Amino acid sequence: MGFLDGLLGGRGADFDSGSPGTNAIELTKRHQQVSLTKQDAATGHLRVNLTWQMRTSDIAGIQRESLFRHPFKALKPPEVMGHGQSMVNVDLDLGCLYELADGTKGVVQPLGGYFGDVNAPPYVKLSGDDRFGSASGETMYVNLDHRDAIKRLLVFVYIYDQTPAFDRTQAKVTLYPSNGPRIEIGLDERHPQARSCAVVLIENVKGELLVRREVKFVYGFQGELDRLYGWGLSWGRGYKSKADR
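Residues numbered from 1 in each chain as written. Predicted model: local features only at pLDDT ≥ 70, side-chain atom pairs only at ≥ 80, totals over all residues. Heavy atoms only, no water.

Caption draft 1: Representation of the overall build of the chain. Helix and strand counts for the chain come out as two helices and 17 strands. As presented, the chain carries roughly 11,900 Å² of accessible surface, and 48% of it is formed by carbon and sulfur atoms. (Helix = DSSP H or I, 4+ residues; strand = E, 2+ residues; numbered from the N terminus. Areas by Shrake-Rupley, 256 points an atom, 1.4 Å probe, with all protein chains shown as cover.)

Now the structure itself:
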């Protein structure tokens, strides 16, 4: 079993407006930022959801269908959701580095049981640890009614040991504000050896809540993301217990 980083100690707005039919904003390299304040969506609970998919070609022991029986399906493997351990071995985890206005810093993540609190500092809570890419994925809630207490939040995703790399998953992080369209960030860039990805940064800039696409892949884990963004926490090796896996 490999290791991940575990926390030691205590705990303008250019964007694609998206299709009216999908009611979604897609943050891209070209259009990276959106203002929740200008969308009148800086209150209530912001839901952050991570989902991922796999192709049957990535599942050991499963063969493609015959070219004679299903010629088109054989050329393009169908996508399947990873609903069970027997189907696919993938474990993506959703996490969040937080910095509050009073200088308090920490992390919310499944590893170590740092699930946070939505009604008390850090005003961020992870609903649980989805190990198999179920349809609902993993969900985190941010209480924006306490936005004045929040300085910045870095939402990240990391891959636990013995799982495929990001380029073999179809991971997507979606933000659901209390008002207006959802915000989507796809993790579809090819970084076959990357183990972690800083996905989106939510910052309180002079009272305006800005959401900015990051999508920065790193080959390490949380400690490397910390160094990249200057959080300054102390990290050590961490493992998932059987109960967490």
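Caption draft 2: Expanded view of the environment of Lys-172. Relative to the assigned elements, Lys-172 resides in strand β13 (residues 172-176). Spatially, the C-alpha atoms of Lys-172 and Trp-52 are 6.3 Å apart, while their sequence positions differ by 120 residues. Among residues more than four places away in sequence, those in contact with Lys-172 are Asn-49, Leu-50, Thr-51, Glu-184, Ile-185 and Gly-186. (Contact = heavy atoms within 4.5 Å.)

Caption draft 3: Expanded view of the environment of Ala-101. When you line up the elements, Ala-101 lands in the loop between β7 (92-100) and β8 (105-108). We classify Ala-101 as exposed; its relative accessible area is 55%. Residues Ala-101 and Lys-151, spaced 50 residues apart in sequence, show a C-alpha to C-alpha distance of 5.0 Å. In contact with Ala-101, other than residues within four places in its own chain, are Asp-148, Ala-149, Ile-150 and Lys-151. (Buried < 20%, exposed > 50% of the residue type's maximum accessible area, 1.4 Å probe, protein only.)

Caption draft 4: Layout of the sheet that holds strand β4 (residues 45-51). Taken in spatial order, the seven strands of this open sheet run β2-β14-β13-β4-β11-β10-β9, and their pairing is mixed. Edge positions in the open sheet fall to β2 (24-26) and β9 (116-117), since each of these has one partner strand only. Bridge analysis of β4 against strand β11 (residues 138-143) gives six bridges, and the strand direction is antiparallel. Paired with Arg-47 across the strands is Tyr-141, a residue of β11. (Pairing = 2+ DSSP bridges.)

Caption draft 5: Region of the structure containing the environment of Ile-183. By the secondary structure assignment, Ile-183 is in strand β14 (residues 182-186). For Ile-183, a relative accessible area of 0% puts it in the buried group. The spacing of Ile-183 and Asn-23 is 160 residues in sequence and 9.0 Å in space, taken between C-alpha atoms. Those residues in contact with Ile-183, other than ones at most four positions away along the chain, are Ile-25, Leu-27, Val-34, Leu-36, Val-173, Thr-174, Leu-175 and Pro-177.

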